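The primary structure of each chain is shown beneath.
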Amino acid sequence: MDPKLNIVSLETYGFLFNILTHLLHGVMKLVGLTPQTLEIDHDTLMDIWLPKEAIVKQLDGKGKPLYAPPKKPVVLLLHCFAMDGIFLWFPQVLALTTEYSVYVPDLLFFGGSTTRKTERSARFQAEVLAKTMEMLGVQKVAVVGLSYGGIDGCFGDG
């Protein structure tokens, strides 16, 4: 096998993945979701797709977006231990957005979600998710999780 062919193939797959990412993000925006990065605390950032109508006003006095409580029932989709949330859940997002306010976070260490804290447990992921939902004005949520996301969802208060 020619190693040059393998390199070209990997570059081609990377290029195709980038194109698919942009297309998928465009479709998510068309169905009413928008990506946000929330500063949960000084050490933790959470990337999340949320309904556009959740953003009431672009900025508060500190330069942060203001969020409105959802008007429809909320579904929180938690991804497995691979990729980011929107890649796993896009078919469900397309099906659910007409009847539900859909939120799709990237769990910590996936996508752009990060923390400098040393904690790495599923309970910590759940605590960060709870803080995220609180920041967004969400009080009641139906959690749907696959594999690792399901484990993280089990630590919520219900």
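Residues numbered from 1 in each chain as written. Predicted model: local features only at pLDDT ≥ 70, side-chain atom pairs only at ≥ 80, totals over all residues. Heavy atoms only, no water.

Within an unreviewed UniProt entry, the label attached to the protein reads AB hydrolase-1 domain-containing protein, and the organism entered is Centaurea solstitialis.

Lay out the overall build of the protein in plain terms, naming residues and giving numbers.
Check the secondary structure of the protein and you find 4 helices and 8 strands. In sequence order, the secondary structure elements of the protein are arranged as α-β-β-β-β-β-α-β-β-α-β-α. In the protein, which comprises 158 residues, the share counted as buried stands at 37%. Taking as baseline every contact in the protein between residues at least 6 positions apart, the subset at least 24 positions apart corresponds to 65%. (Helix = DSSP H or I, 4+ residues; strand = E, 2+ residues; numbered from the N terminus. Buried < 20%, exposed > 50% of the residue type's maximum accessible area, 1.4 Å probe, protein only. Contact = heavy atoms within 4.5 Å.)

An account of the nonpolar core is needed here, citing residue identities and associated values.
Formed by 22 residues in total, the largest nonpolar core has its most connected members in Ile48, Leu50, Tyr103, Met133 and Leu136. Elements represented by at least two residues in this core include exactly strand 1 (33-41), strand 2 (44-51), strand 5 (74-78) and helix 3 (122-135). The element contributing the most residues to this core is helix 3, with 4 residues. Counting 12 residues, the second-largest nonpolar core is a separate cluster that includes Leu24, Leu33, Val102 and Val104. (Core = buried A, V, L, I, M, F, W, Y, C linked by side-chain atoms within 4.5 Å.)

So what about the packing of aromatic side chains? Which residues, and what values?
Considering all chains together, one arrives at 2 aromatic pairs under this definition. On the basis of an interplanar angle of 15° and a centroid distance of 5.1 Å, the ring pair of phenylalanine 17 and phenylalanine 87 is categorised as stacked. Within this pair, whereas phenylalanine 17 is found in helix 1 (residues 3-30), its partner phenylalanine 87 is found in helix 2 (residues 85-96), the two being separated by 70 residues in sequence. A residue is classified by how much of its surface remains accessible, and phenylalanine 17, at 37% relative accessible area, is partly exposed. A relative accessible area of 16% means that phenylalanine 87 is categorised as buried. When the ring of phenylalanine 81 is compared with that of phenylalanine 110, the centres are 5.2 Å apart and the planes differ by 85°; the resulting orientation is edge-to-face. Taken together, the residues phenylalanine 81 in the loop between strand 5 and helix 2 and phenylalanine 110 in the loop between strand 6 (101-105) and strand 7 (114-115) connect sequence positions 29 residues apart. The exposed category is assigned to phenylalanine 81, whose relative accessible area is 61%. (Phe/Tyr/Trp six-rings, centres within 6.5 Å; stacked < 30°, edge-to-face > 60°.)

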